[in-house]
Amino acid sequence: MSGSPLPSSSSSSAAGGAAGGGLYHERQRLELCALHALNNVLQRPCFTQEAADEICKRLAPDARLNPHRSFLGTGNYDVNVIMAALQSLELAAVWWDKRRSLERLALGQILGFILNVPSHVSLGFVALPLRRKHWLAVRQLRGTYYNLDSKLRAPVAIGGEAELRAFLRDFLSQGLCEVFLVVPRAVEEAGAWLSPE
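Rules used throughout
Residues numbered from 1 in each chain as written. Predicted model: local features only at pLDDT ≥ 70, side-chain atom pairs only at ≥ 80, totals over all residues. Heavy atoms only, no water. Salt bridge = Lys/Arg side-chain N within 4 Å of Asp/Glu carboxyl O. Buried < 20%, exposed > 50% of the residue type's maximum accessible area, 1.4 Å probe, protein only. Helix = DSSP H or I, 4+ residues; strand = E, 2+ residues; numbered from the N terminus.

Participant: Break down the pattern of salt bridges for me, with residues and values.
Facilitator: Considering all chains together, one arrives at six salt bridges under this definition. A salt bridge links Asp-97 to Arg-99, with the shortest nitrogen-to-oxygen separation between them at 2.6 Å. A residue is classified by how much of its surface remains accessible, and Arg-99, at 73% relative accessible area, is exposed. A salt bridge links Lys-98 to Glu-178, with the shortest nitrogen-to-oxygen separation between them at 3.4 Å. Separated by 80 residues along the polypeptide, Lys-98 in the loop between strand S1 (91-95) and strand S2 (112-123) and Glu-178 in strand S6 (residues 178-184) bring together distant segments of the chain. Exposure remark for Lys-98: the relative accessible area of 37% places this residue in the partly exposed category. Judged by its relative accessible area of 25%, Glu-178 falls in the partly exposed class. Among the charged side chains, a salt-bridge network with shared partners connects Glu-103, Glu-161, Arg-165 and Arg-169.

Okay, here's the thing in structure tokens:
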């Protein structure tokens, strides 16, 4: 993962805010990375933990232990919550088939990306020999793509289209990674997120 961090402003915090360069960037809190990825890709504080919990209840209304979030109430939302949240805004999360060439991405039709990647677990400064899944967002602003991972202190510039494809290729080559394209529902229905071969 290459790129340089943007200088963060004092308003960029765990609660979120506009980072340097005018990017909205929420920082990691509890296990709310899916929520942070949603808000970061949307570039505004659109969803709260309460809203995500309500989506979980709608997805599994009769479940004693909701399968779409942590039973501890700390987040750890699954892709179904992300998809339902985006659908409420007339957007869609399209799963990227790793067998396809990244050159086929119709980047002009894609609002942003949400990735689910392996992440190391730590307790304070102590790294544990465990890996968990982590959600992060990528979004373009004024021709430059940015890594808006909530574990970063500030957004990190990825670069242009070629650098974005290399960034995605790097994650996909590590295995256990999923990429979702965030697109308007009309783009999803038309399949316009995929360039013809």
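Participant: Explain the environment of Gln-49 residue by residue, including any values.
Facilitator: Within the secondary structure, Gln-49 sits in helix H2 (residues 49-59). Judged by its relative accessible area of 13%, Gln-49 falls in the buried class. Here the alpha-carbon distance between Gln-49 and Leu-32, two residues 17 residues apart in the chain, equals 7.6 Å.

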